[in-house]
Amino acid sequence: MSTAQKTGAWVFICGPSGSGKDSVIAYAQQALAARSDIVFTRRFVSRPVHAGSDHDALTPAAFAALAQAGGLSWHWRAHGFSYGIARHYDEAVGAGCLVIVNGSREHVNGLPASPDRLVLHITAEPTALAQRLLRRGRDSAEAVARRLERNADFDAMPADCVIFNDGELADAGRQLANYLEESTLSADAGPTQRAR
Ligand SMILES: Nc1ncnc2c1ncn2[C@@H]1O[C@H](COP(=O)(O)OP(=O)(O)O)[C@@H](O)[C@H]1O
Ligand SMILES: O=P(O)(O)OC[C@H]1O[C@H](OP(=O)(O)OP(=O)(O)O)[C@H](O)[C@@H]1O
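Figured I'd write up the structure that's included with this text. In this text the structure is predicted, and so the values were computed from the model without any measurement.

### A look at the environment of Ala113
Residue position: Ala113 is located in the loop between α4 (105–109) and β8 (117–123). Considering only alpha carbons, one finds Ala113 and Ala92, 21 residues apart in sequence, at a separation of 20 Å.

### Side note on the site of ligand 2
Around ligand 2, a shell composed of 18 residues is seen, among which Ser17, Tyr83, Ser104, Arg105 and Arg150 lie nearest. At a separation of 2.7 Å, an oxygen atom of ligand 2 approaches a polar side-chain atom of Lys21. A distance of 3.0 Å separates an oxygen atom of ligand 2 from a polar atom in the side chain of His79. Taken by itself ligand 2 offers 510 Å² of open surface, and the protein chains cover 98% of this. Among the secondary structure elements, those contributing two or more residues to the shell around ligand 2 are α1 (21–31), β5 (72–78), α4 and α6 (141–150). Residue composition of the shell around ligand 2, grouped by class: 3 nonpolar, 5 polar and 10 charged.

### Focus on the site of ligand 1
Around ligand 1, the surrounding shell holds 14 residues, and the nearest of these are Gly18, Lys21, Ser23, Arg136 and Asn165. When ligand 1 sits alone it has 560 Å² of accessible area, and the protein chains cover 77% of it. Elements supplying a minimum of two residues to the shell around ligand 1: α1 and α5 (126–136). The biggest single contributor to the shell around ligand 1 is α1, with 3 residues. Split into classes, the residues belonging to the shell around ligand 1 amount to 2 nonpolar, 7 polar and 5 charged.

Scoring rules and cut-offs
Residues numbered from 1 in each chain as written. Chains lettered and ligands numbered in written order. Predicted model: local features only at pLDDT ≥ 70, side-chain atom pairs only at ≥ 80, totals over all residues. Heavy atoms only, no water. Helix = DSSP H or I, 4+ residues; strand = E, 2+ residues; numbered from the N terminus. Near = heavy atom within 4 Å. Polar contact = N/O pair within 3.5 Å; in protein donor to acceptor, adjacent residues only side chain to side chain. Areas by Shrake-Rupley, 256 points an atom, 1.4 Å probe, with all protein chains shown as cover. Nonpolar A, V, L, I, M, F, W, Y, C, P; charged D, E, K, R; others polar.

As structure tokens, this is what we get:
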């Protein structure tokens, strides 16, 4: 990090199920492992952990108690589950870090635009989405169908950056890493440089 005053921000990475959010984020996280000013959050989800999901599982009651106690910076519901980001990540934003969230389009679309929030959309062709979700094997065929139907609601979603993950995962992962690196550089110039 430079010694110039930094302005932290949340980076919400959104997109259809199967677009590759988890995979692309994991690639960028590895590529940026040396960057202490780029922080990758873990999610609480009221869903058991199994193959194809990397989160901290909470029971619905434990999730509700944590949210009620103010322990979450962000939380939302989707697919019948609750998702949340621990409050302690506020400190990283306050300290000037970029803090990366695997987010929800519905949740992010309901937030007012703010210079301390960036939205990055990862997407892929509909046929690829369906194939990947079925191959991932985490969700039932019915749940996969519902996830695909949900995409029509977000066709014109505004975003600060769009990454198409239809080719090699490494290409999309590198694009995300580059975007995050560039965003920390523009943060040196102050929040107006990246207001949406
Ligand atoms: N570029 C890619 N090419 C082929 N398969 C991919 C690619 N990106 C992700 N996948 C696979 O697609 C599935 C869904 O990816 P995932 O990262 O779980 O997406 P999301 O988090 O957006 O639902 C996973 O099985 C993953 O390995
Ligand atoms: O409002 P939406 O953009 O549709 O998103 C709803 C939720 O689904 C995704 O999580 P989840 O891990 O359950 O699903 P995914 O990995 O299949 O995207 C995403 O990270 C959100 O938490």
